[in-house]
Amino acid sequence: LFITAELRIKAESDLDTAISAIQTFCEGMNSEPGCSMAVALQDKDDPRRYIFWERYNNQEAFEQHFNAEHTQTFIQSGLTDLVQAFESKLLTGDK
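Model, not experiment: these values are computed from the prediction.

Student: If you had to explain the overall build of the chain to someone new, which residues and values would you point to?
Tutor: The number of helices and strands found in the chain is three helices and four strands. Computed over the C-alpha atoms, the radius of gyration of the chain is 14 Å, within 12% of the 12 Å expected from 2.2 N^0.38 for a compact globule of 95 residues. When the 95 residues of the chain are sorted by exposure, 33% land in the buried category. Accessible area of the chain: about 6200 Å², with a carbon and sulfur share of 52%.

Here it is in structure tokens:
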């Protein structure tokens, strides 16, 4: 299960504080038992725009992600807005 999410650091949020929170959040995600990858990519032209790439072993692992303390801490910090998110799958020869 692959997740792509676009987040924007709010204009009123301190940029350095928000970047630190994003780094801590990714470290937490990468420690989750069902998460095999979590990276945040910063837009090269807009330092407040981030794309998250996440890979979970299954739907249950993705759902557990939202119960994790680091996820709740990040959400409750209010430093960012979720712009969009979607699930995707690997392109294979299977139909």
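Student: How would you summarise the nonpolar core if you had to cite specific residues and measurements?
Tutor: Core analysis: the largest hydrophobic core is formed by 19 residues, its most contacted members being Ile22, Met29, Phe52, Tyr56 and Phe74. If you list the elements that add at least two residues to this core, you get strand E1 (2–9), helix H1 (15–30), strand E2 (35–42), strand E3 (49–56) and helix H2 (59–65). Looking at which element gives the most residues to this core, the answer is H1, with six residues. Not counting residues up to four positions away in its chain, the partners in contact with Phe74 are Leu7, Ala21, Ile22, Phe25 and Thr80.

Student: Outline H1, listing residues and values.
Tutor: The end-to-end C-alpha separation of H1 is 23 Å, in line with the 22 Å expected for 16 residues at 1.5 Å each. Between the side-chain oxygen of the N-cap and the backbone nitrogen of Asp16 there are 3.4 Å, and the N-cap of H1 in question is Asp14.

Student: Describe the state of the cysteines, and please don't skip the residues or the numbers.
Tutor: Summed over all chains, the structure comprises zero disulfides. A disulfide-free cysteine, Cys26 has its sulfur positioned 8.9 Å from the sulfur of Cys35, the nearest such atom. Overall, the relative accessible area of 7% leaves Cys35 in the buried class.

Student: Explain the packing of H1 against helix H3 (residues 69–77) to me, using residue names and the numbers behind them.
Tutor: Relative orientation of the contacting elements H1 and H3 amounts to 160 degrees, with a least axis distance of 9 Å. One way to sum up the angle between H1 and H3 is to call them roughly antiparallel. Between H1 and H3 lies a crossing whose hand is left-handed. The segment H1 lies against H3, with Ala21, Ile22, Phe25, Gly28 and Met29 engaging His70, Thr71 and Phe74. Of the residues that constitute the contact of H1 with H3, the class distribution is five nonpolar, three polar and no charged.

Student: Provide a residue-level description of the sheet that holds E1, including the pertinent values.
Tutor: Judged by pairing direction, the sheet is antiparallel, and its four strands sit side by side in the order E2-E3-E1-E4 without closing on themselves. Each edge of the sheet is formed by a strand with only one pairing partner; in this case those strands are E2 and strand E4 (80–88). Direction aside, neighbouring strands of the sheet carry axes that sit 15 degrees apart on average. By the bridge criterion, eight bridges tie E1 to E4 in an arrangement that is antiparallel. Of the residues in E4, the one forming a bridge with Arg8 is Asp81. Across the sheet, H1 is in contact with E1, E2 and E3; its angle to E2 comes to roughly 165 degrees.

Rules of the game
Residues numbered from 1 in each chain as written. Predicted model: local features only at pLDDT ≥ 70, side-chain atom pairs only at ≥ 80, totals over all residues. Heavy atoms only, no water. Helix = DSSP H or I, 4+ residues; strand = E, 2+ residues; numbered from the N terminus. Rg over C-alpha atoms; globule rule 2.2 N^0.38 Å. Buried < 20%, exposed > 50% of the residue type's maximum accessible area, 1.4 Å probe, protein only. Areas by Shrake-Rupley, 256 points an atom, 1.4 Å probe, with all protein chains shown as cover. Core = buried A, V, L, I, M, F, W, Y, C linked by side-chain atoms within 4.5 Å. Contact = heavy atoms within 4.5 Å. Expected span 1.5 Å × (residues − 1). Polar contact = N/O pair within 3.5 Å; in protein donor to acceptor, adjacent residues only side chain to side chain. Disulfide = S-S within 2.5 Å. Axes fitted to C-alpha atoms, helices over the stretch in contact; angles between N-to-C directions. Parallel < 35°, antiparallel > 145°, perpendicular 65-115°, else oblique. Left-handed = near helix turned anticlockwise from the far one by under 90°. Nonpolar A, V, L, I, M, F, W, Y, C, P; charged D, E, K, R; others polar. Pairing = 2+ DSSP bridges.

From the geometry alone we can't say anything about function, so treat these as descriptive.
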